[in-house]
Amino acid sequence: MPNSLLDVPFGEWGRVLELPEKETYRVKQIQEWVFARRAKSFDDMTSLPALLRVKLKESFSLRALKTIGHDVSQKDGSSRMTFETGDKKTFSSVILPSRSRETGEERLSLCLSTQIGCAWRCAFCASGKVHFVRNLFSSEIMEQVMCAEDVTGKKVDSLLFMGMGEPLANYHHVLWALRCLRSPLGFGYGARHVTVSTSGLVPQILKLSQESPKVNLAVSLHAADDETRRKIMPKSSWSVQQILKSVWAYQKQMGNVRVTFEYVLLKGLNDSLRTAQRLSNMLRGRNVWINLIEYNPVPGLAFQKASRDAMEKFEGVLTKRGLFVRMRKPQGADIKAGCGQLSY
Ligand code: SAH
C-alpha cells in the first residue's frame, strides 16, 4: 500500500517532497488542492509543476479508500457506506441526515469508523463480536468524509467518531485526523462539529485533553455503578468514578466543551429508577448532556431493549433533576447501520 499524503503531518510535507526552501509555498498549494478543492488525484493539481506531480504520484496515494456499497434506509434516509481499503479489507460508516430546527435545512452527520473490528468487546455491541483486524490510518479516517461527500454531493456538517472501533485505542491515528479535520489548512471543521466517542479509556482521555484541538467528547457510560458496568463492558478496567474524574479534567482543559454521556437502556440491567437517581446524583450541576439510546437488537445477543415506559420514567428522573437529556431516535436499523450494529 503506498503511503497516503494525508498521513503525513503538514509540517513534514516540504521535507518528504524535498522541496527547495524557495518553493515551500507549494505546500500551501497542495493543501488547497487536497482540502479546499477536494482534488481526487495528483493529476488534477494542474497548478503544480509536472515533475512535482510525478513525485507526488510515485511517493503517495491520495484517495485509497473505495466506496463499494451504499445502502439507504427506506425508513429514515440514513445510509451505510461500505469501503474497501488498499489492502482489501472492508468496513462501513453511516450518513445521518437531519433537519435544522431553525432553518429547516438538511444537515448531514457522518458516523466515522476508526478501526476494522473492535477489541473492546462491549457485550451488547455487534462490533465487539467480530475479530479485531487493524487500526485505520488517519487517511482512512479522513477519506470517509470525502467519500460521504462524493456519495451525497453535499458537505458533511458534523463528524461523530461513533462508528466501528474504539477511537482512543487508535490514539495516534485519531489524533492526527482530529488535528487535520480541525485545522483551517485542512478540513477546517469547527470544534462543535466534531465529537469523539469513547468507551472510557481514562489515560487516553487525559492525553487527548492535552494534545488534541478542541473537540466534543462523548463517553459511553451505560452504567451508574462498577458492578453493572463490568458485566456489560468487561474490558473496561476503570471505575465509573475514575472515568468521571478524567472527563471533568478534559472539560476543564478544553474550556468547558460539551460532554455527552451515552447510555443504552437495557431491560433489567441498567434501566431502574434507582439507577437513574444514582446517575443524576453523579452528574447534576455539570455541563453535560445525557443521550439515552434505545438498544438496537444484535442477532445472537440476549439483551433486550428497555420498555418505552421504563425509558420515559428514566428520562423523567434525570430531567426533573435539571439534567439535559435527549432520547436518541434509532436510525438505520433496517440496513444494519444503527448504533452498535456495525460489523464488517
Ligand atoms: N467505541 C466507542 C465508539 C462507538 S460509538 C464508544 O464506545 O463510545 C457507538 C455507540 O453505540 C456507543 O455508545 C455504544 O455503546 C453504542 N452501542 C453499542 N451497541 C449498541 C446497540 N446494540 N444498540 C444501541 N447502541 C449501541
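All of these numbers come straight from a predicted model, not from anything done at the bench. (Residues numbered from 1 in each chain as written. Predicted model: local features only at pLDDT ≥ 70, side-chain atom pairs only at ≥ 80, totals over all residues. Heavy atoms only, no water.)

Take the site of the ligand next. The environment of the ligand is formed by 21 residues, the closest being Ser197, Ser220, His222, Asn296 and Gly340. Glu262 is positioned with one of its side-chain polar atoms (N or O) 3.3 Å from an oxygen atom of the ligand. Its free accessible area being 540 Å², the ligand has 95% of it covered by the protein chains. Those elements giving two or more residues to the shell around the ligand turn out to be strand 10 (194–198), strand 12 (259–265) and strand 13 (288–294). Partitioning the shell around the ligand into residue classes produces nine nonpolar, nine polar and three charged. (Near = heavy atom within 4 Å. Polar contact = N/O pair within 3.5 Å; in protein donor to acceptor, adjacent residues only side chain to side chain. Areas by Shrake-Rupley, 256 points an atom, 1.4 Å probe, with all protein chains shown as cover. Helix = DSSP H or I, 4+ residues; strand = E, 2+ residues; numbered from the N terminus. Nonpolar A, V, L, I, M, F, W, Y, C, P; charged D, E, K, R; others polar.)

With mixed pairing, 10 strands are arranged side by side in an open sheet as 3-4-5-6-9-10-11-12-13-14. The sheet is open, and its two edges are formed by strand 3 (66–72) and strand 14 (324–328), each paired on a single side. Neighbour-to-neighbour, the strand axes of the sheet open up by a mean angle of 25°, direction not taken into account. Where helix 5 (residues 171–182) meets the sheet, it contacts strand 9 (158–161) and strand 10, and its direction lies at approximately 170° from that of strand 9. Sheet contacts for helix 10 (residues 308–320): strand 12, strand 13 and strand 14; angle to strand 13, the most-contacted strand, approximately 175°. (Pairing = 2+ DSSP bridges. Axes fitted to C-alpha atoms, helices over the stretch in contact; angles between N-to-C directions. Contact = heavy atoms within 4.5 Å.)

On to the domain arrangement of the chain, then. Under the domain assignment, the chain is made up of domain 1 (5–59) and domain 2 (66–335). One C-alpha centre belongs to domain 1, the other to domain 2; they are set 34 Å apart. Contacts between the two partners involve 11 residues from domain 1 and, on the opposite side, 14 residues from domain 2. The contact between domain 1 and domain 2 buries some 1100 Å² in all, and 64% of this surface belongs to carbon and sulfur atoms. Considering only the side of domain 1, the residues that lose the most area to domain 2 are Leu6, Asp7 and Arg38, jointly responsible for 52% of the buried surface there. (Domains from an automatic or database assignment. Buried area = accessible area lost by both parts, 1.4 Å probe.)

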